[in-house]
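Structural features, examined
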Amino acid sequence: MKPSAPGRPWGLAQVLFLLLAALHTAAAQKNGINIYSLSVDSKVSSRFAHTVVTSRVVNRASVMQEATFQVELPKRAFITNFSMVIGGVTYPGNIKEKAAAQEQYSAAVARGESAGLVKASGRKTEQFQVSVSVAPAAKVTFELVYEELLKRYLGAYELLLKVQPQQLVKHLQMDIHIFEPQGISFLETESTFMTNELADALTVSQNKTKAHIQFKPTLSQQMSPGQQDTVLDGNFIVRYDVHRTVSGGSIQIESGYFVHYFAPEGLPTIPKNVIFVIDKSGSMRGRKIEQTQEALIKILDDLSPNDQFNLVSFSGEAAQWKPLLVPASAENVNQARSYADSIQTQGGTNINDAMLLAVQLLDSANQKELLPEGSVSLIILLTDGDPTMGETNPARIQKNVKEAIDGQYSLFCLGFGFDVSLAFLEKLALDNGGLTRRIYEDSDSTLQLQDFYQEVANPLLTAVTFEYPSNAVEEVSRDNFRLLFKGSEIVVAGKLRDQSPDVLSAKVRGQLGRSDLSSGSVPAMLALEGPSLPLPGLGPSFQHMQNITFQTESRVAEQENEFQNPKYIFHSFMERLWAYLTIQQLLEQMISASDAEKQALETRALSLSLHYSFVTPLTSMVVTKPEGKEWSEVAEKPVETKNKHKNFYLGGPLSRFRTAGDRRSRITAGPSGKTPSDLGRARPQGPLSPPHPHPLMAGKSLLPDMLLAPSILDEVFLGVDLRAGDAPQARVPAVASDPVTRRIWERKASGSSTDLSQSAKTASPPAAVPAAIQAPAVILMLPRQSVARLCVDIKHSQGPMNLLSDPDQGIEVTAQYETEKARFSWIEVTFKNPQLQVRAIPEHVVVTRNRRNFAYKWKETLFSVIPGVKLTMDKAGLLLFSSPDRVTIGLLPWDGPGEGLRLLLRDTHRFSSRVGGTLGQFYQDVLWGPPAAADDSKRMLRVQGLEYSATRLLKLDYQEGSPGTEISCWSVEL
């Protein structure tokens, strides 16, 4: 047993899907700190993830050095433990009530130290960091533990692992054990750092209920080609789902606690009435409104013909598109698209009037009984700023909207960027049965908006309640929910009573739209109850809902035996799952509770947080460090602040190591959020010092799945070593001139060439300069034909083109070609099995699967294994889709002469006899005529009754990336 040192505070964040184990060691070899072991072990038992990150380091230098342990965690996770073992002594973290840790917290701030050890580091993650001085030859073991209930999102659970060791690690291993008693229906992995060489270090084994993913790369596999740096830098993601029955329920029991998962299959969608409330104030000008319009147009196209909708746009004043809601017919959708496209930005932000107008439109339609029977009504608000006109008091706006809605409709709020208070929108939504999301300003903002809509696009049930025998359970978490959407899941947990029955039964009651019943799609095994009763507080469109009951039961002894495998579970995980879920729900309830209710909710949430050792917004972790004096730090969960911009730090990277005796300077972000101008000079940036993620300081929101940021007072203190001697020298990559793009060569009949860029200096008068050799629109490899390669240029194109389709392969490729610019504006690849769609544009590529969009920037490495197809992208931007029995399709952002998107086809011998399309036709029987007698560089070819003239030309082969290879190719124009 190792002796324990006194505890002390330490601030932490949340954990969403899996993890990052990163001991950041910039210039580690130089400074002597070496990570000799790094392991990540995650056990996912019935959606509840328990993750342990362990890093072991040694100081190989002859002087004392500082080692920094840095881990990125999902925001929804709770840290449960942290410890350091130094010289055989364990320095643990102790979790205390925030008020009890305030003295240490204030002392740390007074010293100029950053008291917040957890910072927002991305959309889904937060960063935990601690540094400690290490004596020569001494070893330190860091261990961090965190837990999280994985949330089902658009039909999948996701475990996120971020891997950034920043040096080669002799023993590096990740193990993910998943156990799902319902059975694993699909499992896929994705990585942004994986290469074909590293893929050999990844093993995935799976049976009906269990899966094991292991990543264990050797030193040589970790190494960058020709360098001593590591290639491990990015995300590792596991996505999966479980089998479900039409009853929709699964009750699982372990150590006296139960969890009930509810996500029924086969239910029809309830028609919806949607009011889109769009901010068009002056701050939305430019890319924000453009992305909003793009997303809105796509969302309008996704409306069901059974839906009704209207649009409200607002700045200083609010105005509706139509006086009443209208059906989502093709004509109305086209008119709405035109209206959305014409929205102009100007003026201030009057959220109050816009919201009341939206409610008035629904009220009027309800009173006139113009809404479909058995439909649900939603309001979706998008704004990028706080209210500046009309009623500007947030509390009064929240009160006005809650009184107007009166429980009849659900409100969903989208905050675009960081100029809006997310805490304000959270309460506005939660008061009215909805939720809030942050839309990050980025190239994929349009996709973020579309993905949010997909979350709420398909309501399945309303007024969902869970019932259990009162003599069987106690301390049950939230058991009533306004709506259940397709692709989501409702989770209820509780404790079994001491004398509970041998069989735990449950009833889940909900309501379907009456229009659903006529389709005969409701499963026969479910109990339909009728006639339905009027629902208090709901408008006429709800009064014709049909009651439905789902019944589930579970044998206690059998369930207890399910969770006896220690390899896949951790002790009493279900009790901790119950505590985690209860705390999250209490924190959410506090947002919309009255002052009197809030105190009771906070007391219970705090009690559970302390009892189960969770770092939550109500607790802090205190960590004592062996600095030769009483010295402790505090870790607290980042939360949203009201002062959004003041604490937005955009400084340079942190100094990771220092020798004994070094003095660390502190750079303070001023009110503008900018650092002193000499910071950049002190630390030149380059490949050895990548930009360090810095916190967005934010305020009072308690919901972890929204943007969370550090809770440090007014200013953030960041440690930066300003000594120029310790700053890594920036490495400037060598850039060679490209003879293809920088010079123009004259091709002569003899085959020789002259560099016109040189001869032009002496030529008099200058000769006409020929055009540079271009890459064709497409290069087709033609197996088993007399001509092995065909270059295709597109000269005539109107609208989208069907480039190729093969029903036997389940592949279709369409594209839009701009003849004026001689390039593809987009290329789309569709796979039927698995159902997968890939859309490439010059800025990025979007992969859509199960109604969910994933955006990837070109030249960011990707390695994704989906059942039936593998997706890979290298640093040159070559994106390949491959599988053992299919044609390999590639997409490339070509930046050589004739720049633009390019299509690649490999393994084309696998095309079936039914392949067709503008390009697919050339994989049918092609008849080549002999070269022309007058000019052997010309000949004819015939395919499917059509004749094309082919000319042998010099072209650039783009298939291996820029600058390309010069080839002689038979070329045709289409």
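Residues numbered from 1 in each chain as written. Predicted model: local features only at pLDDT ≥ 70, side-chain atom pairs only at ≥ 80, totals over all residues. Heavy atoms only, no water.

Applicable threshold: UniProt positions are given in the numbering used here, feature names are shortened, and annotations may be inferred rather than shown by experiment.
Going by an unreviewed UniProt entry, the protein chain carries the name Inter-alpha-trypsin inhibitor heavy chain H4 isoform X4 and comes from Leptonychotes weddellii. Its UniProt record, at the heading Sequence similarities (unreviewed entry), says of the protein chain: "Belongs to the ITIH family." As its UniProt record puts it under Subcellular location (unreviewed entry), the protein chain is described as follows: "Secreted".

Structural notes on the overall build of the protein chain
Note the cut-off: Per the convention used, a helix needs a DSSP run of H or I reaching at least four residues, while a strand needs a run of E reaching at least two, with both numbered from the N terminus. For every residue, the accessible area obtained with a 1.4 Å probe (protein chains only) is divided by the maximum for its type, and the residue is called buried under 20%, exposed over 50%, and partly exposed between those limits. Contacts are assigned to residue pairs that have any heavy atoms within 4.5 Å of one another. With residues, only the protein chains shown are counted as cover, and all accessible areas are computed by Shrake-Rupley using a 1.4 Å probe.
Each helix and strand in the protein chain was counted, giving 16 helices and 56 strands. Looking at the protein chain as a whole, 58% of its 974 residues are labelled buried. Expressed as a percentage of contacts within the protein chain between residues at least 6 apart in sequence, the contacts between residues at least 24 apart total 71%. Carbon and sulfur atoms make up 50% of the accessible area of the protein chain, which totals about 39600 Å².

Comments concerning unusual backbone geometry
The step from N833 to P834 runs through a cis peptide bond, and the omega angle for that step is 0°. Note on placement: P834 falls in the loop between strand 44 (823-831) and strand 45 (836-840). You will see that E475, though not glycine, has its phi angle at about 50°, which is positive. Its identity as a non-glycine residue notwithstanding, S613 has a phi of 55°, on the positive side. Following the sequence through the fold, S613 ends up in the loop between helix 13 (595-611) and strand 32 (619-624).

Re the packing of aromatic side chains
Threshold: Classification of ring pairs rests on two measures: the distance between centres of Phe, Tyr or Trp rings, Trp counted by its six-membered ring, which must be within 6.5 Å, and the angle between planes, read as stacked under 30 degrees, edge-to-face over 60 and tilted in between. Here, over-ring charges are defined by two tests on the NZ atom of lysine or the CZ atom of arginine: distance to the ring centre within 6 Å, and angle to the ring normal within 35 degrees.
Scanning the model with the defined rule gives 30 aromatic pairs in all. Judged by centre distance (5.5 Å) and plane angle (75°), the ring pair of F179 and F563 falls under edge-to-face. Taken together, the positions of F179 in strand 11 (residues 171-179) and F563 in the loop between helix 11 (556-562) and helix 12 (573-592) put the pair 384 residues apart, joining distant regions of the chain. Just as F179 is buried, F563 falls in that class too. The rings of F48, F78, Y580 and F614 are connected pair by pair, giving a single aromatic cluster. One cation-aromatic arrangement involves K210 over F179; the distance from NZ or CZ to the ring centre is 5.7 Å. A cation over an aromatic ring shows up here: R849 above the ring of F186, its NZ or CZ 5.5 Å from the ring centre.

Focus on the environment of N561
Note on placement: N561 falls in helix 11. Expressed as a C-alpha distance, the spacing of N561 and E254, which sit 307 residues apart in the sequence, is 8.3 Å.

Concerning the sheet that holds strand 28 (residues 490-496)
Applied cut-off: For two strands to be treated as a pair, DSSP must find no fewer than two bridges joining them.
Strand order across the open sheet formed by 4 strands is 16-17-28-26, with antiparallel pairing between neighbours. Either end of the sheet is taken by a strand with one partner, and the two such strands are strand 16 (249-254) and strand 26 (473-474). Note that strand 16 and strand 17 (residues 257-262) share 6 bridges and pair antiparallel. Of the residues in strand 17, the one forming a bridge with Q252 is V259.

Describing the pairing of strand 23 (residues 410-416)
Convention followed: If the strands point away from the viewer and the path from the first strand over the helix to the second runs clockwise, then the crossover is right-handed.
With respect to burial, strand 23 is a largely interior element, 7 of its 7 residues being buried. In terms of handedness, the path from strand 22 (residues 376-383) via helix 7 (residues 394-405) over to strand 23 forms a crossover that is right-handed. Two strands pair when backbone bridges link them, and strand 23 and strand 24 (residues 436-439) are joined in this way by 4 bridges, in the parallel orientation. Directly across from L414, in strand 24, lies its bridge partner R437. Traced from strand 23 through helix 8 (residues 422-430) to strand 24, the parallel crossover comes out right-handed.

Considering the side chain of K43
Spelled out, the test is: A 3.5 Å cut-off defines polar contacts: any pair of N or O atoms within that distance qualifies, except that in protein one atom must be a possible hydrogen donor and the other a possible acceptor, and neighbouring residues in sequence count only when both atoms are side-chain atoms.
With respect to the helices and strands, K43 occurs in strand 2 (residues 33-45). A distance of 3.1 Å separates the side chain of K43 from the side chain of D41, its partner in a polar contact.

As for empty space enclosed by the protein
Our working definition: Each cavity reported here is a set of points on a 1 Å grid over the protein atoms alone in which a 1.4 Å probe fits but cannot get out, each pocket an open set with protein on both sides within 12 Å along at least five of seven lines, and each lining residue one with an atom within 4 Å of a point. Grid points are joined across faces, edges and corners, and a volume is the space filled by probe spheres set on the points.
Summed over all chains, the structure comprises 6 cavities of 30 Å³ or more. Its boundaries defined by the atoms lining it, the second largest cavity holds a volume of some 130 Å³. Lining the second largest cavity are 13 residues; nearest its centre among them are F276, I299, I380, L414 and L449. Residue assignment for the lining of the second largest cavity shows that the elements contributing at least two residues are strand 18 (272-279), helix 4 (287-302), strand 22 and helix 9 (445-456). Element by element, the count of residues in the lining of the second largest cavity is highest for helix 4, at 4 residues.

Observations concerning the nonpolar core
The condition is simple: As used here, the term nonpolar core means buried Ala, Val, Leu, Ile, Met, Phe, Trp, Tyr and Cys residues forming a set that is joined through side-chain atoms within 4.5 Å.
Of all hydrophobic cores here, the largest spans 67 residues; its most connected members are L780, F824, L891 and F922. Once you skip the residues sitting within four places of it in the chain, L891 turns out to touch I827, V829, V838, A840, W858, G877, L878, L879, F881, R902, L903 and L904. With 58 residues, the next largest nonpolar core counts L73, I79, M174 and A201 among its residues.

Regarding the layout of surface pockets
Convention followed: Three classes are used: nonpolar for Ala, Val, Leu, Ile, Met, Phe, Trp, Tyr, Cys and Pro, charged for Asp, Glu, Lys and Arg, and polar for all others, with Gly counted as polar.
Empty space within the second largest pocket amounts to approximately 1500 Å³. Lining the second largest pocket are 47 residues; nearest its centre among them are K151, L435, R478, F481 and E588. Within the residue set of the lining of the second largest pocket, elements represented by two or more residues are strand 24, helix 9, strand 25 (459-467), strand 27 (480-485), strand 28, helix 12 and helix 13. Sorting elements by how many residues they give to the lining of the second largest pocket places helix 12 first, with 7 residues. Looking at the lining of the second largest pocket residue by residue, the class counts come to 24 nonpolar, 11 polar and 12 charged.

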